[in-house]
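Now for the letters of each chain:
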Amino acid sequence: MIPFLGITGYSGSGKTTLLEKLLPKLTALGLKVAVIKHSHHNAQVDKPGKDSWRMKEAGASQVIMACDQRWALMTETIEPVCFDYLVQQFDPQLTDLVLIEGFKQEVIPKILLHRKTMIKPLAEQDQQVIAVATDYPIEIDKPQLDINNIDQIAEFIWHYLRKD
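Residues numbered from 1 in each chain as written. Predicted model: local features only at pLDDT ≥ 70, side-chain atom pairs only at ≥ 80, totals over all residues. Heavy atoms only, no water.

1. Concerning empty space enclosed by the protein
Then, in step 1: Considering all chains together, one arrives at one cavity of 30 Å³ or more under this definition.
Then, in step 2: In this structure, the largest cavity encloses a volume near 40 Å³.
Then, in step 3: Taken together, Asp46, Ser52, Lys56, Ala60, Ser61, Gln62, Val63, Met74 and Glu76 form the lining of the largest cavity.
Then, in step 4: Of all elements in the fold, only α2 (51-57) and β3 (62-66) reach the threshold of two or more residues within the lining of the largest cavity.
Then, in step 5: Of the residues assigned to the lining of the largest cavity, the class counts are three nonpolar, three polar and three charged. (1 Å grid on protein atoms, 1.4 Å probe; cavity = no way out; pocket = protein on both sides within 12 Å on 5 of 7 lines; lining within 4 Å. Points joined across faces, edges and corners; volume = space filled by probe spheres on them. Helix = DSSP H or I, 4+ residues; strand = E, 2+ residues; numbered from the N terminus. Nonpolar A, V, L, I, M, F, W, Y, C, P; charged D, E, K, R; others polar.)

Take a look at the structure:
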């Protein structure tokens, strides 16, 4: 099974920005990294009027759009899809690690993010939190990472995967 690691925190903690900066660092370490991003919005990956969108509108439950450089599978669901199903969609030949943005209620290892300027206090740390990344010092019994030090976070993840 492909290992996965959650990047969690309240809105505004910088989850997407951290992932965007972290991906090139992890790739440079030789990892093939995939991402699952949870959205509370009705996200659209297809563009109205395009052929694949027209197929979906015509009633297709799944549409694969393929070109020479990539392919994408778009699936319509009646109910929210479960996390375990999503994780199983990745090809183990193409993926060494799946980073998960959101899904904070899932029982998965995670790095919890928080910034000093946030109105909400640091979220309670459950057993799955393996580290906390902040921009201010705190006293915790888990590794504390500097949310602005991408190299440090990438190295932490690298060692976590290797079980060092």
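On we go from here.
2. Digging into the pairing of strand β6 (residues 110-114)
Then, in step 1: Counted residue by residue, β6 has five buried out of five residues, so it is predominantly covered.
Then, in step 2: Alternating residues of β6 divide into Lys110, Leu112 and His114 and Ile111 and Leu113, and every residue in both groups is buried.
Then, in step 3: Here five bridges tie β6 to strand β7 (residues 129-134), and the two strands are oriented parallel to one another. Opposite Ile111, over in β7, you have Ala131 as the bridge partner. (Buried < 20%, exposed > 50% of the residue type's maximum accessible area, 1.4 Å probe, protein only. Pairing = 2+ DSSP bridges.)

3. As for the side chain of Ser13
Then, in step 1: Relative to the helices and strands, Ser13 is located in the loop between β1 (4-8) and α1 (15-28).
Then, in step 2: Here Tyr10 takes part through its backbone oxygen, which lies 2.8 Å from a polar atom of the side chain of Ser13.
Then, in step 3: With near-sequence residues (within four places) excluded, Ser13 lies in contact with Leu113, Arg115, Met118 and Ile147. (Polar contact = N/O pair within 3.5 Å; in protein donor to acceptor, adjacent residues only side chain to side chain. Contact = heavy atoms within 4.5 Å.)

4. Some points on the sheet that holds β6
Then, in step 1: Across the sheet, six strands lie side by side as β2-β5-β1-β6-β7-β8; this open sheet has parallel pairing. A strand with exactly one partner marks an edge of an open sheet, and here the two such strands are β2 (33-37) and β8 (144-146). On average, adjacent strands in this sheet sit at an angle of 25° to one another, irrespective of strand direction.
Then, in step 2: Sheet topology note: the β2/strand β5 (residues 97-101) ladder contains five bridges and is parallel. Bridged to Val35 within β5 is Leu99.
Then, in step 3: Contacting β1, β2, β5 and β6, α1 crosses the sheet at an angle of about 165° to β5.
Then, in step 4: Taken strand by strand, helix α4 (residues 150-162) contacts β1, β5, β6, β7 and β8, and its axis lies near 140° from that of β8. (Axes fitted to C-alpha atoms, helices over the stretch in contact; angles between N-to-C directions.)

5. Describing unusual backbone geometry
Then, in step 1: Within the chain, Phe103 stands out as a residue other than glycine whose phi angle is a positive 50°.
Then, in step 2: Tracing the sequence through the fold places Phe103 in the loop between β5 and β6.

6. Examining the packing of α1 against α4
Then, in step 1: Contact geometry for α1 and α4: axes closest at 9 Å, N-to-C directions at 60°. The way α1 lies across α4 gives a crossing that is right-handed. Where α1 approaches α4, its residues Leu18, Lys21, Leu22, Lys25 and Leu26 are matched on the opposing element by Ile150, Asp151, Ile153, Ala154 and Ile157. (Left-handed = near helix turned anticlockwise from the far one by under 90°.)

7. A closer look at the nonpolar core
Then, in step 1: One finds Leu22, Leu26, Ile111, Ile153 and Ile157 to be the most contacted residues of the largest nonpolar core, which totals 21 residues.
Then, in step 2: Ranked by residues supplied to this core, first place goes to α4 with five residues.
Then, in step 3: Residues in contact with Leu22, not counting those within four places in the same chain, are Leu99, Ile150, Ile153, Ala154 and Ile157.
Then, in step 4: Counting residues in each nonpolar core, the second largest holds ten residues, with Ile2, Phe4, Val87 and Val98 among its members. (Core = buried A, V, L, I, M, F, W, Y, C linked by side-chain atoms within 4.5 Å.)

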